[in-house]
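# Examining the three-dimensional arrangement
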Amino acid sequence: MWGGRFESGPAAIMGEITPSIDFDKRLAGEDLAGSKAHARMLASEGIISKDDGQAILKGLDQIEKEIAEGAFSFKRELEDIHLNIEARLAEIIGPAAGKLHTARSRNDQVVTDFRLWVRAACERTDHGLLALQRALLAQAEMHSGTIMPGFTHMQPAQPVTFGHHLLAYVEMFGRDRGRFEDARKRMNESPLGAAALAGTSFAIDRDTTAMALGFARPMRNSMDAISARDFALEYLAAATILATNLSRIAGELVQWSTPAFGFVKLSDAFTTGSSIMPQKRNPDAAELIRGKTGRVLGDFVALATVVKGLVLAYGTDLQEDKERVFDAADTIEISLAAMAAMIADLTAQPDRMRAAAEPGYPTATDLADWLVRVLKKPFREAHHIAGSIVKLAEGKGVTLEQLPVADMQTVEPAITKDVLAVLSLDSSVHSRMSLGGTAPARVKEQIAFWKGQLK
């Protein structure tokens, strides 16, 4: 392909380090779409003849069919998807195939393909996130009033509802969707027509090709169009944050499914046994999702390291961009599918959750709030009084609800029996009516809100 510039062929090792066809054949659909848009534009502008344009399009259609049917032969000696398609086009239609490369370079060709692919990856990830949000929402609706312990520092803090806990992840994954949506919007500009780096002397119509490929507009600077990989980095950054969020809920599923917690049961579909211990039920799916966070982060760091030292415009270093993005996308998409299915499949154990919410004096804050609201104590003083009463109950081995009012009055004489109304788990949970609170009424409002959002 290098024409008359080189007198001898490349070293044998170049046949191993240079080819990218093993992974960039995944861009075949995008490459064909870009080539068709380019061919139509060249013919429309009179840069190639209508007949040549039609021959090229017909040949590309045949190649598309061959790839779809598994009949296309990918050849490593042709290096990449672009030359593989171009060579096959020449076999089908002859010398007219060479006219397809008029007014473009492999530089703008590959980055156009890659933008199209990453744009579609953003959309696939959004669909996966939507499915996960719906699974979480369905479980939250079933458990809007199911009481469980809320933790801070992994210590029992205050009672919450399981539905409220799950809705926290619905919110979290909603922000993830926003990140992919924003990334898609920013990357939706067409580099096609930037050629090698300086544009082209042919009178091409970049607006037409951009519109044909679903881009919002052509990129305004040819050097930026060729060299920019921030769209891939932004996808990887969003994927890394998503992987981190998936890891958090995966970690909770691992914890919740242990006998020590027993908050949820995972079915045989998402657990495995042990090769030596017959009693084991291991949450492998959740553990694998949690473990893959490092892989996605590694993909982001790898590409950021490649790009950070590159001067404008193109260097073959950028061939390293695709494998990292492909790997992260595959990882994220399978993780989302597995997590959504696992959430839909799990069985909550309300009795275990409620039992776990009892210890640790989780209604101590409710006691302090009562002292502020009824006895008009400053909160800091109320906090101190409540702490002293907790210490008293702890010494007697009883809950706050079980502690006699007379004992509480040894700490604060003004306390009355009315305080008992706020010390149960149910009264605590139902009292949290502030916007975003865990009260079942508020949880149901949030469920209604998200049902509307996820239509």
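Residues numbered from 1 in each chain as written. Predicted model: local features only at pLDDT ≥ 70, side-chain atom pairs only at ≥ 80, totals over all residues. Heavy atoms only, no water.

### Here's the deal with the overall build of the protein chain
Helices and strands together make up the secondary structure of the protein chain, namely 18 helices and 6 strands. Taking 2.2 N^0.38 as the reference for a compact globule, 455 residues should give roughly 23 Å; the C-alpha atoms of the protein chain span a radius of gyration of 31 Å, well beyond that estimate. In terms of overall dimensions, the protein chain has C-alpha extents of about 100 × 55 × 40 Å along its principal axes. Sequence separation of 24 or more characterises 74% of the internal contacts of the protein chain that already satisfy a separation of 6 or more. Element-wise, carbon and sulfur atoms account for 55% of the exposed surface of the protein chain, whose accessible area totals about 22,000 Å². (Helix = DSSP H or I, 4+ residues; strand = E, 2+ residues; numbered from the N terminus. Rg over C-alpha atoms; globule rule 2.2 N^0.38 Å. Contact = heavy atoms within 4.5 Å. Areas by Shrake-Rupley, 256 points an atom, 1.4 Å probe, with all protein chains shown as cover.)

### Side note on the pairing of strand E1 (residues 147-152)
Sheet topology note: the E1/strand E2 (residues 155-161) ladder contains 6 bridges and is antiparallel. Each bridged residue has a counterpart across the sheet, and for Phe151 the counterpart in E2 is Pro156. Between E1 and E2, which pair antiparallel in sequence order, lie 2 residues; one of them, His153, sits at a positive phi of approximately 55°. (Pairing = 2+ DSSP bridges.)

### Overview of the environment of Asp224
On the secondary structure map, Asp224 appears in helix H9 (residues 222-227). In the structure, Asp224 is positioned 27 residues away from Leu197 in sequence and 8.3 Å away in space, judged by C-alpha atoms.

### Points about helix H6 (residues 106-142)
With 37 residues, H6 extends 54 Å between its outermost C-alpha atoms, agreeing within 8% with the 54 Å of an ideal straight helix rising 1.5 Å per residue. Summarising burial for H6: 27 of the 37 residues are buried, a large majority. (Expected span 1.5 Å × (residues − 1). Buried < 20%, exposed > 50% of the residue type's maximum accessible area, 1.4 Å probe, protein only.)

### Things to note about the nonpolar core
Membership of the largest hydrophobic core comes to 89 residues, with the highest contact counts inside it found for Tyr235 and Met339. With 15 residues, the single largest contributor to this core is helix H10 (residues 230-256). Look past the residues within four positions of Met339 in its chain and what remains in contact with it is Leu132, Leu246, Ile249, Ala250, Leu253 and Ile289. With 20 residues, the next largest nonpolar core counts Tyr361, Leu371, Ala386 and Leu423 among its residues. (Core = buried A, V, L, I, M, F, W, Y, C linked by side-chain atoms within 4.5 Å.)

### Describing the environment of Thr209
Tracing the chain through its elements places Thr209 in helix H8 (residues 206-212). Given a relative accessible area of 2%, Thr209 falls into the buried group. Along the backbone, Thr209 and Gly193 are 16 residues apart, and their C-alpha atoms lie at a distance of 8.5 Å. Not counting the four nearest positions on each side in its chain, Thr209 is found in contact with Ala37, His38, Met41 and Leu192.

### Looking at the packing of aromatic side chains
Considering all chains together, one arrives at 10 aromatic pairs under this definition. Where Phe114 meets Phe326, the ring centres are 6.4 Å apart and the plane angle is 90°; that geometry is what we call edge-to-face. Of this pair, Phe114 sits in helix H6 while Phe326 sits in helix H12 (residues 321-345); the two residues are 212 residues apart in sequence, bridging distant segments of the chain. No difference in accessibility class separates Phe114 from Phe326, as the two residues are buried. Site record: aromatic cluster; members linked through ring pairs are Phe114, Trp117, Phe231 and Phe326. The ring of Phe215 is capped by Arg119, whose NZ or CZ atom sits 5.0 Å from the centre of that ring. In this arrangement the basic side chain of Arg124 is found over the ring face of Trp117, its NZ or CZ atom lying 4.9 Å from the centre. (Phe/Tyr/Trp six-rings, centres within 6.5 Å; stacked < 30°, edge-to-face > 60°. Lys NZ or Arg CZ within 6 Å of the ring centre and 35° of its normal.)

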